[in-house]
Each structure stands twice: as structure tokens, then as C-alpha cells.
Amino acid sequence: MARAALVRGVRTVGLYSDVDAELPYLDDVDEAVRLPGQSAADTYLNVTAVLDAAQRTNCDAVHPGYGFLAESAEFAEAVAAAGLVFVGPPAECVAAMGSKVRAKELARKASVPVLPDAVISGATADLLELAARVGYPLLVKASAGGGGRGIRLVESADDLPTAVASAQREATAAFGDGTVFLERFLAGPRHIEVQIFGDTNGNVVHLGDRECSVQRRHQKLLEECPATLVDPGLRSAMAAAAVRLAEKIGYVGAGTCEFLVQGEDFFFLEMNTRLQVEHTVTEEVTGIDLVALQLDIASGAPLPITQSEITFAGHAIQARVCAEDPHAGWLPSTGYVRRYWHPDDDGVRYEDGVCSGVTISPHYDSMITKVIACGDSRDRAIGALGDALGSVQIQGPTTNIAVLQRVLADAEYRRGAVTVNWLEQRTDLVAAEPLSVHAVAAVAAAAVDDGAQVWPLSAAWSNAPRPPVQCTVVDDHGARYELSYRPPAAAGQPFGLFRVNDDDFTVRCLARNGNRWRVEVDGVARVLQVSADGDLAADGGGRVAFDQAAD
């Protein structure tokens, strides 16, 4: 956002909470204002504090970003009431689409297909009758908010009352609105969305579609443009439906119409009245800077392009790198980032949310960076993204990078045969992989080279006889590796003994460059980077980070 503003000669002001004061996005803005506190409610959701910051710095407009207040009609109204421009649709559009119930009513009026549904109010007495009309299985869904919260799957009438009460409680706590509704559940649909843009003159265009079916807990992990395995007729019908809905409500600015797709049928899911996290892939394929277009539309300019002038070239895929543990139910992972690095010249787009030396807090979303790769074809984009993820080095909190790499390499994904519940079913892609013997060998090589710094040993690379070093290596998932080894008699020679869990291996350290180690196990060499967060003595509880590096 700051980059797009800079090109237009517009100065920018960022906001930061106490825990975000060291994050790198603050380097991109001209100045920044502190929002005292840590919680979202005290900071980024605090309308009074946000508007006060805008007025203190003489701002003319407010861009709400991706989340927090981005889809708050009350915030859009407050911005306008303060005499500022809201970079987004009018408050009435935000309100209309912010309620999934009302949004579906408007979609019906615009002849956009919707799934059977029924609204549940606190006084509803005929709950079972409404559910029977919708049909089982069904979803209980919160009318407000998003992010997968306030959603329950119900497969029989016996489970319905409990599911409704649970969804209402979660929706009230998360969004301040306990309204829920019932919606027919589709088994194995795909999630495809259409990017639209409108101006104040009533013009609306679409900028193609995106595939967002690779999800966990109803939240996207991989997004790509264009959507895969969509025939021209279905693609055209979805785009036309999205434009009709936007025209129906007088939409202005960037928006996304989301659909569930099963076979050749598609159904309206919701409309996001903001810029999406995944807008990047649309930018890469269309060559249009969506943030710049937002700023131009907000300034009153008409759309600079017609539908026939929008073209699409190649394929782009975005991976959301999150600080979370896929092997522990995708729980967020927090803590100090000892190292964060990626290439700057590999033709891949990185949008960094962290840098070395910052701390990831538990207060906000777990996404820490976005990696976007392009190619002339989908296969080439997949290959480029896989290579890029392999180059990212994050030492500190656990991330989902390994799972993203496995998904990209999977044959079903590469065929495009994915649905919104595909990743939940493919538990093999999420299962924790054991430490490789090469990783264990690299740590042992580092231990030998550092002598007593790591494990108590006599001088490294010595001919002096000694008993085997014995220790237990425990990985992040609790797996234990009983290691016994005798250091080599000389550099480049095999370890006198290298045994992991009663299995013997022939191990040599071939080369070292800083913290990069080339280790050979049974005649196969790999390069790994090894770093520790402190003393790794047997009783020290130290942690080691591994990154397989290109030789």
C-alpha cells in the first residue's frame, strides 16, 4: 500500500501496537503512530484511536488493509463522518455484504445462485422444521465475520440444537453478533472467487478468478490465478454473476465474490468488501496494481480500463507462510525469530511480515509472509514456488513451510484435483516427518567441530581413543533419537561410529562454510545449515534449527 502511494506522491502513515513496534512494514511508511496496548481491541480495532492517529498526522484518507476494521460498516461511516476518505466501498455496501444473510438475499435478487438456507433467531421455535427444509447435512454459520469462526457441521437432527448454541456463542464472542443461519452443506466443493472493481460512475469490471481450495480450518493456504480445471462457460458465468451482484448494490472499489463450485454448478458464498490477502496473484496475471487502482477510485477517478481491455497472461500462485504447527492441530507458534532470510533476486515476490530479531506475538493472525511465484504455465509456477519456499530460512517459531512444500509436490494437487476439505483428508501431507540422518549427522559434525562447546568432548579430530558420545535428540514433535558416535580421527574421514536408534551409518563431514555443513551419509551428501539458540550441552535444553541448503 505504501509503495502504491509513493508512486502517486502520497505520503503514508502507519499504525503499530506495542508488540508490533519492530516489524519491518514500518520502514515502508513515511511516519507511524503508536496505538498503546497489545490486544486487537485496544489497538487496531479501536476506532477512536485509529481516527485520532489520522487526524493528528493530517491524513486525507484511511486505507483499512486486509482485516481488523476493513469490513466494518461502522468504521467506514466513522471515517466519512470525520471528513476523511475511506479507501473502500460505501458503508452501505459494507453493511449489506457484511451480513451473510442479507448478502444472500441480494444475491438472489441479482439472479446469482445460492444454496438453500434458513435464518435462526433467538426466538426460533421450529428449528428442526427449518433444518428439514434446508436438508442434511448442513452447516450452522455465523452471519457476521469470517475466518472460519462460528461454523458447525451438522449431519443429523440430534446434533442440531447443540451446534446452533455453540455457533451462536462463538459468533457473539468473535463478532458481537450471535445471528446464525443454516445452509445446505456441499460435500467436497471447490472454493473459487472472482475479483471485481467498481467506480463511482456505476462501471464494474472483473479481473478474473482465483482458486482457493487448499485450506485448513476454513482458512486459505494456497491461492492461484486463474482457477484450475474451469471450463470457459463456467468461468464466464461466475464472472458475470459477480459483476451483476456488484452492479446491484452500487459497488465501488475492490471486492471479491466467493463461490462454492461442485461440478458445473456454482453457488454464492459471500462477498468480501475489501482487498484480499491473495490479490497478489491477480496482479501478477493481469499486470494491474490493485492497490493503486483502489487509490485512484477513492480519489474519484473512473475505472481506467474496460472489460475488453483486461488481459490475462501466465499463472501465479501464492503461499501463506504462517507461524503455526500443522502437527499440533495448526496451533499458532510464537516467539523470537533468530533468523529470517530469502533471496532477493530469484524472480519471486516476497511480502514479508517479519525480519530477523523480531518476536511473533500471540495477539494477531499467524501469517508472517506471503510468497508469490509466477510462470508461463501452472506447472512452472508450482516449481518456482516450491523452490522459493525451500530457500526461505526461518529460525525460531514453527511454520507451515514443510506442509506447503509437500502439497506443491503432491500429484493430486498438481492435477488440480483439490476441494476445500482435501487437505483435511490428506493427513499424510500434514504428518510430522522424522529427522533425517543427515540432519542428525550435521549436528554431530557441529558438535565435534566446536568441541566442548556443544557436547563434552576432547579436542576434535584427534587420534586419542575415547568412548562413544551418547545423547538423545528430541525433535519438535517429541520423537526421540538415541545417538551414539565416535568423532573422526581426522577431518574428512568417517566417524568411527555413528548409530541412530540401533541403526549404524557411515558418516563423513565433507565441508563446512560458516554454519553450512556438507555431510555424507552412506555415500549420499547433502548441505544443511545448522544454527543453535544457545549451549547444546546434553542437559542444556538447547534448540537446533536445520535448513537444507543448495550446495
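Residues numbered from 1 in each chain as written. Predicted model: local features only at pLDDT ≥ 70, side-chain atom pairs only at ≥ 80, totals over all residues. Heavy atoms only, no water.

**Observations regarding helix H6 (residues 127-134)**
Here is step 1 of the chain: Along H6, the residues that are buried comprise Leu127, Leu130, Ala131 and Val134. In an axial view of H6, the angular spread of the buried residues amounts to 100°, which keeps them on one side of the axis. Set apart from the buried face of H6 by more than 90 degrees, the exposed residues are Ala132 and Arg133.
Here is step 2 of the chain: Where H6 is buried, its residues meet strand S5 (117-120), strand S6 (138-142), helix H7 (160-175) and strand S8 (180-184). (Buried < 20%, exposed > 50% of the residue type's maximum accessible area, 1.4 Å probe, protein only. Helix = DSSP H or I, 4+ residues; strand = E, 2+ residues; numbered from the N terminus. Arc of directions from axis to C-beta. Contact = heavy atoms within 4.5 Å.)

**Some points on the nonpolar core**
Here is step 1 of the chain: Core analysis: the largest hydrophobic core is formed by 37 residues, its most contacted members being Val214, Leu222, Leu385, Leu389, Val407, Tyr413 and Leu423.
Here is step 2 of the chain: Residue assignment for this core shows that the elements contributing at least two residues are strand S11 (219-225), strand S14 (315-322), strand S21 (367-375), helix H11 (378-391), helix H12 (401-409), helix H14 (422-425) and helix H15 (427-430).
Here is step 3 of the chain: Setting aside its immediate chain neighbours within four residues, Val214 contacts Gln219, Lys220, Leu221, Leu222, Val407, Tyr413, Val418, Trp422 and Leu423.
Here is step 4 of the chain: One finds Leu106, Val243, Ile249 and Cys257 within the second-largest nonpolar core, a separate group that totals 30 residues. (Core = buried A, V, L, I, M, F, W, Y, C linked by side-chain atoms within 4.5 Å.)

**Describing the sheet that holds S5**
Here is step 1 of the chain: In space, the 4 strands of this open sheet follow the order S5-S8-S6-S7, with antiparallel pairing throughout. Taken across any chain shown, the strands that pair with only one partner, and hence form the sheet edges, are S5 and strand S7 (151-154). Strand-to-strand twist in this sheet, taken as the mean axis angle between neighbours without regard to direction, amounts to 20°.
Here is step 2 of the chain: Alignment of S6 against S8, held across 5 bridges, turns out to be antiparallel. Paired with Leu139 across the two strands is Glu183, which belongs to S8.
Here is step 3 of the chain: Packed on one face of the sheet, helix H5 (residues 100-109) meets S5, S6 and S8 and runs near 45° to S8.
Here is step 4 of the chain: Contacting S5, S6, S7 and S8, H7 crosses the sheet at an angle of about 25° to S6. (Pairing = 2+ DSSP bridges. Axes fitted to C-alpha atoms, helices over the stretch in contact; angles between N-to-C directions.)

**Considerations on the pattern of salt bridges**
Here is step 1 of the chain: Under the counting rule described, the total for this entry stands at 34 salt bridges.
Here is step 2 of the chain: A salt bridge links Arg133 to Glu129, with the shortest nitrogen-to-oxygen separation between them at 3.4 Å. With Arg133 and Glu129 both in helix H6 and 4 residues apart, the pair spans about one turn of that helix.
Here is step 3 of the chain: With a relative accessible area of 55%, Arg133 lands in the exposed category.
Here is step 4 of the chain: Taking relative accessible area as the criterion, Glu129 reaches 47% and is therefore assigned partly exposed.
Here is step 5 of the chain: Salt-bridge contacts for Asp428 lead to Arg426; the nearest nitrogen and oxygen are separated by 2.7 Å.
Here is step 6 of the chain: Its relative accessible area of 46% is what places Asp428 among the partly exposed residues.
Here is step 7 of the chain: With a relative accessible area of 16%, Arg426 lands in the buried category.
Here is step 8 of the chain: A network of salt bridges, in which partner residues are shared, links Glu193, Arg210, Lys220, Glu223, Glu258, Glu278 and Arg320. (Salt bridge = Lys/Arg side-chain N within 4 Å of Asp/Glu carboxyl O.)

**Observations regarding the side chain of Ser143**
Here is step 1 of the chain: Along the chain, the position of Ser143 falls in the loop between S6 and S7.
Here is step 2 of the chain: Judged by relative accessible area, Ser143 falls into the buried class, the value being 3%.
Here is step 3 of the chain: Every residue in contact with Ser143, bar those within four places of it in the chain, is listed here: Gly98, Ser99, Lys100, Val101, Thr179, Val180 and Phe181.

**A short note on the packing of aromatic side chains**
Here is step 1 of the chain: Per the stated rule, a full pass over the model turns up 8 aromatic pairs.
Here is step 2 of the chain: Centroid distance Phe75 to Phe86: 6.1 Å. Interplanar angle 80°. Geometry classified as edge-to-face. Placement of the pair is Phe75 in helix H3 (residues 73-81) and Phe86 in strand S4 (residues 85-86), with a sequence separation of 11 residues. Per residue, the accessibility class of Phe75 equals that of Phe86, and both read buried.
Here is step 3 of the chain: The structure contains a cluster of three or more aromatic residues connected by ring pairs, namely Tyr44, Phe68 and Tyr364.
Here is step 4 of the chain: One cation-aromatic arrangement involves Arg378 over Tyr413; the distance from NZ or CZ to the ring centre is 4.7 Å. (Phe/Tyr/Trp six-rings, centres within 6.5 Å; stacked < 30°, edge-to-face > 60°. Lys NZ or Arg CZ within 6 Å of the ring centre and 35° of its normal.)

**Focus on the confidence of the model for the chain**
Here is step 1 of the chain: In the predicted model, the chain carries a mean pLDDT of 91, and 92% of its residues have values of at least 70.
Here is step 2 of the chain: Between residues 452-459, whose pLDDT stays under 50, and residues either more than four places distant or in other chains, the model counts 24 contacts. (pLDDT = per-residue confidence, 0-100.)

**Digging into the sheet that holds strand S25 (residues 497-500)**
Here is step 1 of the chain: Spatially, the 4 strands line up as an open sheet ordered S23-S24-S25-S26, and their pairing is antiparallel. Here the strands that pair on one side only, and so sit at the sheet edges, are strand S23 (469-474) and strand S26 (503-504).
Here is step 2 of the chain: Strand direction decides the pairing type here: strand S24 (residues 480-486) and S25, joined by 4 bridges, are antiparallel. Its bridge partner being in S25, Arg486 is matched across the sheet by Leu497.

**Quick notes on the pairing of S8**
Here is step 1 of the chain: Most of S8 is tucked away: 4 of the 5 residues are buried.
Here is step 2 of the chain: With 4 bridges joining them, S5 and S8 adopt antiparallel strand pairing. Residue pairing across strands places Val119 opposite Phe181, the latter belonging to S8.

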